[in-house]
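# Results of the structural survey
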Amino acid sequence: MKKYYVISAKRLGWEQKYDYYVFPTNKFSEKEVLALFRPVKKRTLKANNNFYDYTAYEYNGITYYKIINSGIFDENHLLADGFTKEELDQF
């Protein structure tokens, strides 16, 4: 049974929108997977007119507010959660 790292990536903005990425454990280490999400320095203006620095993450040209390593899951679990076989076989 294949196993995969699952990364939850929160998009920028007030909406609670996440993208989910899977990486096979037999081809990537946890460190390699996390390194795919490049940290980038950002700055935001708050309602009090002060700027605040924060670290965002970029992957495949998309900037994310936060990434979460959701753990390792087997193929059956991910298929039951709505991933397709094609998505899991992309690597």
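Residues numbered from 1 in each chain as written. Predicted model: local features only at pLDDT ≥ 70, side-chain atom pairs only at ≥ 80, totals over all residues. Heavy atoms only, no water.

## Notes on the environment of Asn-69
- By the secondary structure assignment, Asn-69 is in strand β5 (residues 62-74).
- Taking the C-alpha atoms as reference points, Asn-69 and Glu-30, separated by 39 residues in sequence, lie 8.8 Å from one another.
- Those residues within four positions of Asn-69 in sequence are excluded, and the remaining contacts are Val-6, Ile-7, Glu-30 and Leu-34.
- A polar contact of 2.6 Å, which involves the side chain of Asn-69, links it to the side chain of Glu-30.
- Side-chain polar atoms of Asn-69 contact the backbone nitrogen of Gly-71, separated by 3.1 Å. (Helix = DSSP H or I, 4+ residues; strand = E, 2+ residues; numbered from the N terminus. Contact = heavy atoms within 4.5 Å. Polar contact = N/O pair within 3.5 Å; in protein donor to acceptor, adjacent residues only side chain to side chain.)

## A closer look at the pattern of salt bridges
- By the definition in use, this model includes six salt bridges.
- In this structure, the salt-bridge partner of Arg-38 is Glu-58, at a minimum N-O distance of 3.4 Å. Residue Arg-38 is located in strand β3 (residues 38-45), and its partner Glu-58 is located in strand β4 (residues 51-59); the two are separated by 20 residues in the primary sequence.
- For Arg-38, a relative accessible area of 48% gives the class partly exposed.
- Overall, the relative accessible area of 22% leaves Glu-58 in the partly exposed class.
- Among the salt bridges present, the one from Lys-85 reaches Glu-75, with a minimum N-O distance of 2.5 Å. (Salt bridge = Lys/Arg side-chain N within 4 Å of Asp/Glu carboxyl O. Buried < 20%, exposed > 50% of the residue type's maximum accessible area, 1.4 Å probe, protein only.)

## Thoughts on the nonpolar core
- With eleven residues, the main nonpolar core is built from Tyr-5, Ile-7, Ala-9, Tyr-21, Phe-23, Phe-28, Val-33, Phe-37, Tyr-59, Tyr-64 and Ile-67.
- Elements that contribute at least two residues to this core include exactly β1 (3-11), β2 (18-24) and β5.
- The biggest single contributor to this core is β1, with three residues. (Core = buried A, V, L, I, M, F, W, Y, C linked by side-chain atoms within 4.5 Å.)

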